[in-house]
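# Descriptive analysis of the structure
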Amino acid sequence: MAPVIQACAAAHVECAVCVTAQHRQMLDQMLEVFGIRPDYDLNVMQENQSPLTVAARVMESLAPVIATSKPDWLLVQGDTTSAFAAAFVAYHQRMCLGHIEAGLRTRDKWQPFPEEMNRRLISAVADMNFAPTDGAAKSLRAEGVPEKNILVTGNTVVDALHTILQRAPRYSDAKLQSLTGRILLVTAHRRENFGPPLQQICLAIRDLLQQFPDVTAVFPVHPNPAVGETVQRVLGKEPRVLLTPPLAYPEFVHLMKRAALILSDSGGVQEEAPSVGTRVLVMRDVTERPEAVESGWARLVGASRKEIVAGAAEWLQPLPTNLQRPGPNPFGDGKAGERIVQALLGSL
């Protein structure tokens, strides 16, 4: 959302920022990176909270904020439970809702859970759908969303990456700064990968390090205890595995650019990887971002130890002569924030 907030300022549009603080530390890092000061902080963070708890607390605490601020538009981004809860509040307040990153679909309501249903339900009440790609816009049309309510903008994550990549890389952890050789960057946090699937992912990383002695795995561990326990147990004593807390966004972006390969179950990383020129193996069975796969930047491998090792080994070979060069970045040109704000001004 930072590029949209910046585009509002450039166009002299008043913009109030409301955060949920579902992940307090990660949020505060990002706000500092982009110099954003929230006008409203719902502070819904609780230990071991469930998506239903988050939704209930966001609905309860956002409604009076909307009633007080009376915005012309409420903008939500992505497919989090917070985004859905905010969209539902907008519907009940009978106000205009804009959905940024609209139209992503796997067409399997259980994968990813609960994000797939969150974004479908947001589309049902949104007045303007800002689709990142033509494919996302096509999915919205197939669901009956009127053409006048759809605008293809590119993805704002590309705007944010362009901003970060203009800055020199700086790492707070000296171990990251001094890394040599090739880097295998890993992220894993999806609920469907908790438990045995995450253990398979960790075992695959061990296999790859045995096969490629010049590779070091860097794994920023998500704060959810369900992730940290498994990762520490399987990989905590591996000498060429660097487990870190979640990284500040600029560190993570520059680390993606340095990496030889990324393993991830994240949605956003599938968009970020083409922007920094690094391939990604997607540790999921389905993706709502088929453009990443179609362009050659990504490949689906699921959480299978065998498939992860096979796919990564193919791309980590010194001379992968059988691999085609990926196509251009399918997720935009870095001007999505400007397009969104100009569309909103036009609607007013």
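Up top you'll find the structure we're talking about.
Given the structure is predicted, the values throughout are model-derived calculations rather than measurements.

### Observations regarding the packing of helix α9 (residues 196–211) against helix α14 (residues 305–316)
- Axis separation between α9 and α14 bottoms out at 8 Å; the angle between their running directions is 35°. As for how α9 packs across α14, the hand of that crossing is right-handed. Between α9, through Q200, I201, L203, A204, D207, L208 and Q211, and α14, the contact on the second element is made entirely by R305, I308, V309, A312 and A313.
- Considered class by class, the residues forming the contact of α9 with α14 number 8 nonpolar, 2 polar and 2 charged.

### A word on the sheet that holds strand β12 (residues 298–300)
- In space, the 6 strands of this open sheet follow the order β9-β8-β7-β10-β11-β12, with parallel pairing throughout. Strands with a single pairing partner mark the edges of an open sheet, and in this sheet they are β9 (241–244) and β12. Here the strands of the sheet are splayed against their neighbours by 20° on average, with no regard to which way each runs.
- Against the sheet, α9 engages β7 (182–187), β8 (215–220), β9 and β10 (261–264), with an angle of about 155° to β8.
- Each of β7, β8 and β10 touches helix α11 (residues 249–258); the most contacted strand, β7, lies at about 130° to it.

### Some remarks on helix α7 (residues 156–165)
- Within α7, 7 of the 10 residues are buried, which leaves the element mostly enclosed by the surrounding structure.
- Among the residues of α7, those classed as buried are T156, V157, V158, D159, A160, L161 and I164.
- Here the buried face of α7 lies against α1 (2–10), α2 (24–34), β4 (96–100), α11, α12 (268–276) and α15 (336–347).
- You can read the cap of α7 off the contacts: a side-chain oxygen lies 3.0 Å from the backbone nitrogen of V157, and it is on N155.

### Observations regarding the side chain of T287
- The residue T287 is located in the loop between β11 (280–282) and α13 (290–294) in this model.
- Within the local environment of T287, its side chain forms a polar contact with the side chain of Q270, the two groups lying 2.6 Å apart.
- A polar side-chain atom of T287 sits 3.0 Å from the main-chain amide nitrogen of R289.
- With residues near it in sequence (within four places) discarded, T287 still touches R105, T106, Q270, V293 and L300.

Rules and cut-offs
Residues numbered from 1 in each chain as written. Predicted model: local features only at pLDDT ≥ 70, side-chain atom pairs only at ≥ 80, totals over all residues. Heavy atoms only, no water. Axes fitted to C-alpha atoms, helices over the stretch in contact; angles between N-to-C directions. Helix = DSSP H or I, 4+ residues; strand = E, 2+ residues; numbered from the N terminus. Left-handed = near helix turned anticlockwise from the far one by under 90°. Contact = heavy atoms within 4.5 Å. Nonpolar A, V, L, I, M, F, W, Y, C, P; charged D, E, K, R; others polar. Pairing = 2+ DSSP bridges. Buried < 20%, exposed > 50% of the residue type's maximum accessible area, 1.4 Å probe, protein only. Polar contact = N/O pair within 3.5 Å; in protein donor to acceptor, adjacent residues only side chain to side chain.

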